[in-house]
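Chain by chain, the residues:
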Amino acid sequence: MNAISPATENSESIAAELRRLLALRSYDILDTPPEEIFDEFARLAASVVGTPIALVSLVDGNRQWFKAKVGLAVCETPRDIGFCTHAIRGIDVFVIPDALKDERFMQSPLVTDDPKIRFYAGAPLVTSSGEALGALCVIDYVPREITPDQCNALQILSRHVMAQFELRRRLVALTRGDASRQEAIRALRGALDRGEFVLHYQPQIDIRTGRIAGVEALIRWDRGGPALVSPVDFVPLLEESGLILEVGGWVMRQAAADHRDWQRQGLSPLRVAVNVSPVQLRDPGFLATLQQALGSDGSPLDIEITEGVLMEKTEEIIQKLDAIRAMGVHVAIDDFGTGYSSLRYLARLPIDTLKIDRSFITAMTENADDMAIVSSIISLAHGLDLSVVAEGVETEEERKLLRLLRCDQIQGYLFSQPLSKGELETLLKRESAITPSPVEPGAAFSERRLLGRRRILGSGTSSDI
Ligand code: C2E
Ligand code: MG
Ligand code: MG
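What you see is a predicted model, and the numbers here were worked out from it, not measured in a lab. Along each chain, residues carry numbers from 1 onward, in the same order as the chain's sequence is written. Chains and ligands are labelled sequentially in the order written, the chains with letters from A and the ligands with numbers from 1. The predicted origin of the model limits local features to residues at a pLDDT of at least 70 and limits the giving and counting of side-chain atom pairs to 80 or more, whereas totals for whole chains, interfaces and linings rest on all residues. Calculation of side-chain values draws on the structure's entire complement of heavy atoms; hydrogens and water are dropped beforehand.

1. Some thoughts on the sheet that holds strand β6 (residues 132–140)
Part 1 of the argument: Pairing is antiparallel in the open sheet, where six strands are placed in the order β3-β2-β1-β6-β5-β4. Strands at the two margins of the open sheet, each flanked by one partner only, are β3 (76–78) and β4 (94–96). Ignoring strand direction, the axes of neighbouring strands in this sheet form an average angle of 25 degrees.
Part 2 of the argument: Whether two strands pair depends on DSSP finding at least two bridges between them. Helical segments are the DSSP runs of H or I of at least four residues, strand segments are the runs of E of at least two, and each set is numbered from the N terminus. Relative to β6, strand β1 (residues 53–59) runs antiparallel, the two being bridged by six bridges. Residue pairing in the sheet places Ala54 in a bridge with Val138 of β6. Fitted lines through C-alpha atoms serve as axes, helices being fitted only where they are in contact, and the angles separating the N-to-C directions of these axes extend from 0 to 180 degrees.

2. Observations regarding the sheet that holds strand β10 (residues 301–306)
Part 1 of the argument: Here we have eight strands rolled up into a closed barrel, ordered β7-β8-β9-β10-β11-β12-β13-β14, and mixed in their pairing. Averaged over all adjacent pairs, the angle separating strand axes in this sheet is 30 degrees, with direction ignored.
Part 2 of the argument: Note that strand β7 (residues 197–206) and strand β8 (residues 212–221) share nine bridges and pair antiparallel. By the bridge assignment for β8, Leu199 is matched with Ile219.
Part 3 of the argument: Contacts from helix α14 (residues 368–383) reach β11 (331–336), β12 (353–356) and β13 (387–391), with the element oriented near 175 degrees to β12. Any two residues whose heavy atoms approach within 4.5 Å are treated as being in contact.

3. A word on the packing of aromatic side chains
Part 1 of the argument: Aromatic pairing here means that ring centres of Phe, Tyr or Trp (its six-membered ring) are within 6.5 Å. Orientation follows from the plane angle: under 30 degrees is stacked, over 60 is edge-to-face, and everything else is tilted. Tallied over the full model, the rule gives ten aromatic pairs.
Part 2 of the argument: Taking 6.4 Å as the distance between ring centres and 65 degrees as the angle between the ring planes, the aromatic pair formed by Phe94 and Phe105 counts as edge-to-face. Remark: Phe105 occurs in the loop between β4 and α4 (109–112) and Phe94 occurs in strand β4; sequence separation between them is eleven residues.
Part 3 of the argument: Only protein chains enter the accessibility calculation, which uses a 1.4 Å probe. A residue is then buried if its area is under 20% of the maximum for its type, exposed if over 50%, and partly exposed in between. You can call Phe94 buried: its relative accessible area is 16%.
Part 4 of the argument: Assessed through its relative accessible area of 1%, Phe105 is described here as buried.
Part 5 of the argument: Ring centres 5.0 Å apart and planes at 75 degrees place the aromatic pair Tyr201 and Trp262 in the edge-to-face group. Taken as a pair, Tyr201 in strand β7 and Trp262 in helix α7 (residues 244–264) lie far apart in primary sequence, 61 residues in all.
Part 6 of the argument: What makes Trp262 buried here is its relative accessible area of 2%.
Part 7 of the argument: Each member of the aromatic cluster is reached from another via a ring pair, and the members are Phe83, Phe94, Phe105 and Tyr120.
Part 8 of the argument: Working rule: Lys NZ or Arg CZ, within 6 Å of ring centre, within 35 degrees of ring normal, means a charge sits over the ring. It is Arg144 that lies over the ring of Phe119; its NZ or CZ is 5.2 Å from the centre.
Part 9 of the argument: A cation over an aromatic ring shows up here: Arg169 above the ring of Tyr27, its NZ or CZ 4.1 Å from the ring centre.

4. Some details on helix α11 (residues 314–326)
Part 1 of the argument: Here, expected helix span is obtained from the residue count minus one, scaled by 1.5 Å. Here α11 spans 18 Å end to end across 13 residues, near enough to the 18 Å set by a 1.5 Å rise per residue.
Part 2 of the argument: Every buried residue of α11 is listed here: Thr314, Ile317, Ile318, Lys320, Leu321 and Ile324. Within α11, the buried residues cover an arc of 165 degrees as seen down the axis, which keeps them to one side. The outward face of α11, more than 90 degrees from its buried face, is lined by the exposed residues Glu315, Gln319 and Ala326.
Part 3 of the argument: Directly beyond the C-terminal end of α11, a positive phi value near 90 degrees is found at Gly328. Our arc is simply the arc of the directions from the helix axis toward the C-beta atoms.

5. Considerations on the coordination of the magnesium ion (ligand 3)
Part 1 of the argument: Only nitrogen, oxygen and sulfur atoms within 2.8 Å of the metal, or 3.2 Å for Na, K and Ca, are treated as donors, and water is left out, so sites may look incomplete. The coordination sphere of the magnesium ion (ligand 3), as far as protein atoms go, consists of Asp334 (OD), Asp335 (OD), Glu391 (OE) and Glu391 (OE), spread over 2.0 to 2.7 Å.
Part 2 of the argument: Considered as a linear motif, the donors of the magnesium ion (ligand 3) on their single chain read D-D-x55-E.
Part 3 of the argument: In this structure, the magnesium ion (ligand 3) is positioned 4.0 Å from the magnesium ion (ligand 2), and both are ligated by Asp334. Of this pair, Asp334 sits in strand β11 while Glu391 sits in strand β13; the two residues are 57 residues apart in sequence, bridging distant segments of the chain. An identical accessibility class is assigned to Asp334 and Glu391; each is buried.

6. Concerning the coordination of the magnesium ion (ligand 2)
Part 1 of the argument: Protein-derived coordination of the magnesium ion (ligand 2) comes from Glu216 (OE), Asn275 (OD1), Glu304 (OE) and Asp334 (OD), at a distance range of 2.0 to 2.2 Å.
Part 2 of the argument: For the magnesium ion (ligand 2), the single-chain donor residues occur in sequence as E-x58-N-x28-E-x29-D.

7. Side note on the site of ligand 1
Part 1 of the argument: To be near a molecule or strand, a residue needs just one of its heavy atoms within 4 Å of it. Close to ligand 1 lie 26 residues; Arg220, Asn275, Asp334, Glu394 and Tyr413 are nearest.
Part 2 of the argument: Polar contacts, as used here, are pairs of N or O atoms within 3.5 Å; protein pairs need one atom able to donate a hydrogen and one able to accept it. Residues neighboring in sequence count only if both atoms are side-chain atoms. Arg220 is positioned such that a nitrogen or oxygen atom in its side chain is 2.8 Å from an oxygen atom of ligand 1.
Part 3 of the argument: Contact distances for ligand 1 include 2.8 Å between an oxygen atom and a backbone N or O atom of Tyr413.
Part 4 of the argument: Reported accessibility uses the Shrake-Rupley method at a 1.4 Å probe radius. Residues are deemed covered only where the shown protein chains occlude them. Out of a free accessible area of 800 Å², ligand 1 has 84% covered by protein chains.
Part 5 of the argument: Put simply, the parts of the chain that give the shell around ligand 1 at least two residues each are β8, α7 and β11.
Part 6 of the argument: Polar here means any residue outside two lists: the nonpolar Ala, Val, Leu, Ile, Met, Phe, Trp, Tyr, Cys and Pro, and the charged Asp, Glu, Lys and Arg; Gly therefore counts as polar. Here the shell around ligand 1 is composed, by residue class, of ten nonpolar, eight polar and eight charged.

8. Quick notes on the side chain of Gln64
Part 1 of the argument: Mapped onto the elements of the fold, Gln64 is located in strand β2 (residues 63–70).
Part 2 of the argument: A distance of 3.5 Å separates the side chain of Gln64 from the backbone nitrogen of Phe83, its partner in a polar contact.
Part 3 of the argument: Here the side chain of Gln64 touches Thr85 through a polar contact of 3.2 Å, landing on its backbone nitrogen.

Bear in mind that shape data such as this cannot, by itself, settle questions of function.
Written as structure tokens, this is what we have:
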């Protein structure tokens, strides 16, 4: 026989009660002001059964608290003397025809003193996961019976009360979410006004020469804490709120300004790529913003866009990309392979570069299919006169394979993590002092690897904006 010890039984019932109380708290209903809808349900219950008192009662840790009450002045009663405490133990209507004749209640002050309860019927308020939060109950000063129809009506009404609770809970969750979203957007607005966004730059390496061919500008938010906030955590909200138009404009101007500064310092000429969100590309003011950032001297700024945006309104996008390239700006498709664009479709687009998504590069050395994909992308891209950048190159094995596959450039932690402007300048100065071996370009960047490790950003770890 599978005997359950009293101790086990006890700990199980404590756990069940804890679950019930947590469920009750999740509705945020305790100690809230009266609401007409719940008063109405109570009035209806009283009139259906014909009692002077009706309550929407919630059984808290040590009290019964009434969200709605008809014919009773008090807002709560102690839990241990209450009837609803018993009603929540089952799923059927709990009926006490005469409390003075029931051992469990005959001594209760609610029976012996005011309000001198004699009759009680309570339909438990049960959540979809089976927790009984309280009861919709009717009370009388005289002993009496309840008909099956009245019982049924009480149960139906209790389900309606519960549906209202559910509705409220969802509404609270929604408005809470909205409030924190608004707060996050305000914080991002403040970050822009206070100049807290910074650009880091990740080198892109020419795989044949081993030299830095260009850099990608990657935004971070410096909130003053020990780590910078990753763009993964705030770019989606910038896009959703439309703030990306302003922030994206700042990124382009800042990247161009930094480039001018490198030119002034006589550092090796670089191309600087900025990420452009679909929201920016769709914006009618985008070309003007880009032109303004380029300035009269036409800084060699490039843009990276994702595949998704190319699938919509193709003709319009083609015209826009034509105009962008006419400014001397190169266009790269970022994260290539993750979207649905076919290479045939790409042939129609005025673009310069494909950046193969990191997921293929990571899988390529382990999985023959992924290697075949990378290999095909590279040869087909070359057939279309596009250059190819491999993203997220982390190992020497990947680099060697990509070289064999004739990839043009690589970008990844193997060479360098994204660096602050100052760190990149140090790197560029060192590079001009080193003559890299064309055979093993990676070796020339061992210094760089150390340098890059100083400030690693945990993308996606900080979601507390
Ligand atoms: P992305 O444009 O594809 O940038 C490459 C991301 O991969 C960067 O993450 C970079 O730090 C990371 N990465 C580079 N090499 C490696 C590697 O070897 N291993 C691994 N695990 N990761 C590597 P980050 O900086 O967190 O940026 C994430 C994304 O945020 C970017 O992806 C881009 O889509 C977006 N983003 C960044 N800056 C901007 C911006 O100024 N504007 C817009 N619209 N989006 C931006
Ligand atoms: Mg990018
Ligand atoms: Mg990418």
